[in-house]
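# Fold and geometry: a report
The primary structure of each chain is shown beneath.
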Amino acid sequence: MIISTTAQQRGRGTDVFKTVSWLTKVERDAARSGELVMFRSRYLSGGRHGTYWRRVLVLSSPGRVRYVPRVPSEHEINAAEHLEQLKNSLRCMRIIKVFPWKKQQRQRNVI
């Protein structure tokens, strides 16, 4: 599973042609090969208790490939949220590792 930070949904609601733009080359290749690519849309889907998560569906015809947003299953949403929490916790761990060093440096300068 890949969580895209660059993808954007174009079109919403009853628009006939909804597409996903700003996918990176790696994300496009992964979607074409059948791997799950997820992103957060600006638009809520499914009413009040809906979701902002979308998965990328590839529609291909001779000479053309379209990337279409689809509402993922409950299992896919849970997996994406879990992956995002892991990513955020790793980011926090990196910040925690950096700050003690800065505090030690400040203390050395003060003494």
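All figures in this text were calculated on a predicted structure; none of them were measured in a lab.

### A closer look at the sheet that holds strand E5 (residues 51-61)
Taken together, the 4 strands give an open sheet; going across it, the order is E1-E4-E5-E6, and neighbouring strands pair in mixed fashion. Strands with a single pairing partner mark the edges of an open sheet, and in this sheet they are strand E1 (2-4) and strand E6 (64-70). Here the average twist between neighbouring strands, direction ignored, is 45 degrees. Two elements, strand E4 (residues 37-45) and E5, share 4 bridges in a ladder whose sense is antiparallel. In the strand pairing of E5, phenylalanine 39 is matched with arginine 54. Strands in contact with helix H1 (residues 25-32) are E1, E4, E5 and E6; relative to E6, the strand with the most contacts, it is inclined by about 90 degrees.

### A look at the confidence of the model for the protein chain
On average, residues of the protein chain carry a pLDDT of 85, and 82% of them reach 70 or more. This model gives residues 106-111 a pLDDT under 50, and the stretch forms 0 contacts once residues within four places in sequence are excluded.

### Side note on the pattern of salt bridges
For the structure on display, the rule yields 4 salt bridges. Two residues, arginine 32 and aspartate 29, come together in a salt bridge whose shortest N-O distance is 3.3 Å. Residue arginine 32 and its partner aspartate 29 are located together in helix H1, separated by 3 residues, close to a single helical turn. Assessed through its relative accessible area of 48%, arginine 32 is described here as partly exposed. The partly exposed category is assigned to aspartate 29, whose relative accessible area is 35%. The closest approach of N and O atoms between glutamate 84 and arginine 40, which form a salt bridge, is 3.3 Å. Highlighted residues: glutamate 84 in helix H2 (residues 74-110) and arginine 40 in strand E4, separated in sequence by 44 residues. Members of the salt-bridge network, linked through shared partners, are Lys25, Asp29 and Arg32.

### A few points about the pairing of E4
As paired elements, E1 and E4 share 3 bridges and run parallel to each other. Among the inter-strand pairings, isoleucine 3 is bridged to a residue of E4, identified as methionine 38. Between E4 and E5, which pair antiparallel and follow one another directly, the connecting turn spans 5 residues, one of which, glycine 46, has a positive phi of 100 degrees.

About the cut-offs
- Residues numbered from 1 in each chain as written.
- Predicted model: local features only at pLDDT ≥ 70, side-chain atom pairs only at ≥ 80, totals over all residues.
- Heavy atoms only, no water.
- Pairing = 2+ DSSP bridges.
- Helix = DSSP H or I, 4+ residues; strand = E, 2+ residues; numbered from the N terminus.
- Axes fitted to C-alpha atoms, helices over the stretch in contact; angles between N-to-C directions.
- Contact = heavy atoms within 4.5 Å.
- pLDDT = per-residue confidence, 0-100.
- Salt bridge = Lys/Arg side-chain N within 4 Å of Asp/Glu carboxyl O.
- Buried < 20%, exposed > 50% of the residue type's maximum accessible area, 1.4 Å probe, protein only.

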